[in-house]
Amino acid sequence: MDLELPVPRPEPTVAWLRAMVARFSDGPDHRRRRALAVAELARIDPAELRRRAAESSCSAAEVLAQAMGIDAGAAVADVARAYHPHTVADEAADRAVARLVDAFGGVADELTAARISLLVQSCDATTALVAKARNHPTVEETLRDDQPLRTTRRVRDGEVVLVSLDGHPFGAGSHECPGQAHAIALAEGILARGRT
């Protein structure tokens, strides 16, 4: 009699997350994983996100997490500092990934990775956008005249390379950020706090 052994589940760590997200993949894997992120974003109305951000005292990532139905606490920031391939993941970042996987239902799959990646990518980039936009009349003018991120990193042929973002604050091509409207809404909401 054949016994079916359980398939080992992947350990949800920063390394697992990097291996499962659209940002660090290409070809069919990238297209499939990006489609998951795009579908998640389609469920979130940017206008509602702007309102939530304006009425909250939470960070952009925390507001987005709430819109996605979870309480992320500090986990997103812990993952964000170790997310990029040029950074070192420590136990605290790995535990934070595991907490986020649990918050999204406990299944370490591509959908969960896509959801976590949206939160992580909203963390530092949106904070930088808000900081720059405080010196400009609008977020759009900030993006046009003083974009907060000038470079990003990609993995090409196993090497981490710098890619210029000049003139493309949300990137371009197949890796262009699918959450532009959401990032702008979060930034505008945060900037609107206290203006009423």
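Residues numbered from 1 in each chain as written. Predicted model: local features only at pLDDT ≥ 70, side-chain atom pairs only at ≥ 80, totals over all residues. Heavy atoms only, no water.

## Details of the packing of aromatic side chains
Tallied over the entire structure, the rule returns one aromatic pair. Ring geometry for F24 and Y83: centres 5.2 Å apart, planes at 50 degrees, overall tilted. Pair noted here: F24 is in the loop between helix 1 (14-20) and helix 2 (27-42) and Y83 is in the loop between helix 5 (75-80) and helix 6 (91-103), with a separation of 59 residues, a long-range link. Judged by relative accessible area, F24 falls into the buried class, the value being 18%. (Phe/Tyr/Trp six-rings, centres within 6.5 Å; stacked < 30°, edge-to-face > 60°. Helix = DSSP H or I, 4+ residues; strand = E, 2+ residues; numbered from the N terminus. Buried < 20%, exposed > 50% of the residue type's maximum accessible area, 1.4 Å probe, protein only.)

## Brief notes about the layout of surface pockets
Over the atoms, a rolled probe matching the size of one water molecule traces out where space is still vacant. Taken as a whole, the largest pocket holds about 960 Å³ of empty space. Around the largest pocket sit 45 residues that line it, and R23, Q121, A125, L149 and C177 are the ones nearest its centre. Looking at the lining of the largest pocket, the elements that each hand over two or more residues are helix 2, helix 7 (110-133), strand 1 (151-156) and helix 9 (180-192). For the lining of the largest pocket, the leading source of residues is helix 7, giving ten residues. Looking at the lining of the largest pocket residue by residue, the classes come out as 23 nonpolar, 14 polar and eight charged. (1 Å grid on protein atoms, 1.4 Å probe; cavity = no way out; pocket = protein on both sides within 12 Å on 5 of 7 lines; lining within 4 Å. Points joined across faces, edges and corners; volume = space filled by probe spheres on them. Nonpolar A, V, L, I, M, F, W, Y, C, P; charged D, E, K, R; others polar.)

## Focus on the pairing of strand 2 (residues 159-164)
Counting buried positions over the six residues of strand 2 gives zero, only a small fraction of the element. With six bridges joining them, strand 1 and strand 2 adopt antiparallel strand pairing. Pairing of V155 across the sheet is with V160, part of strand 2. Joining the antiparallel neighbours strand 1 and strand 2 is a turn of two residues, in which D157 adopts a positive phi near 50 degrees. (Pairing = 2+ DSSP bridges.)

## Thoughts on the environment of V76
Checked against the element boundaries, V76 lands in helix 5. Judged by its relative accessible area of 2%, V76 is buried. Each C-alpha atom of the pair V76 and E62 lies 8.0 Å from the other, and the pair is 14 residues apart in sequence. Residue contacts for V76: discarding those within four places in its chain leaves A61, L100, L119, V120 and C123. (Contact = heavy atoms within 4.5 Å.)

## Some remarks on helix 6
Along its 13 residues, helix 6 runs 18 Å from first to last C-alpha, staying within 8% of the 18 Å computed at 1.5 Å per residue. Close packing links the buried residues of helix 6 with helix 1, helix 5 and helix 7. For helix 6, the N-terminal capping position is held by D90, with its side-chain oxygen 3.3 Å away from the main-chain nitrogen of A92. At the C-terminal side of helix 6, G105 shows a positive phi close to 115 degrees. (Expected span 1.5 Å × (residues − 1). Polar contact = N/O pair within 3.5 Å; in protein donor to acceptor, adjacent residues only side chain to side chain.)

## A few points about the pattern of salt bridges
Scanning the entire structure with this criterion turns up 15 salt bridges. Of the charged contacts, one joins R32 and E110 as a salt bridge, the two residues approaching to 2.8 Å between their closest N and O atoms. Note that R32 is positioned in helix 2 and E110 in helix 7, a separation of 78 residues in sequence. Through salt bridges with shared partners, a single network forms among D29, R32, R33 and E110. (Salt bridge = Lys/Arg side-chain N within 4 Å of Asp/Glu carboxyl O.)

## Some words on the nonpolar core
Of all hydrophobic cores here, the largest spans 51 residues; its most connected members are W16, L17, V76, L100, I116, L119 and V139. A total of ten residues in this core trace back to one element, the largest contributor, which is helix 7. Those residues in contact with L17 that sit more than four places away from it in its chain are V79, Y83, V97, A113 and I116. (Core = buried A, V, L, I, M, F, W, Y, C linked by side-chain atoms within 4.5 Å.)

On their own, these measurements won't tell you what the molecule is for.
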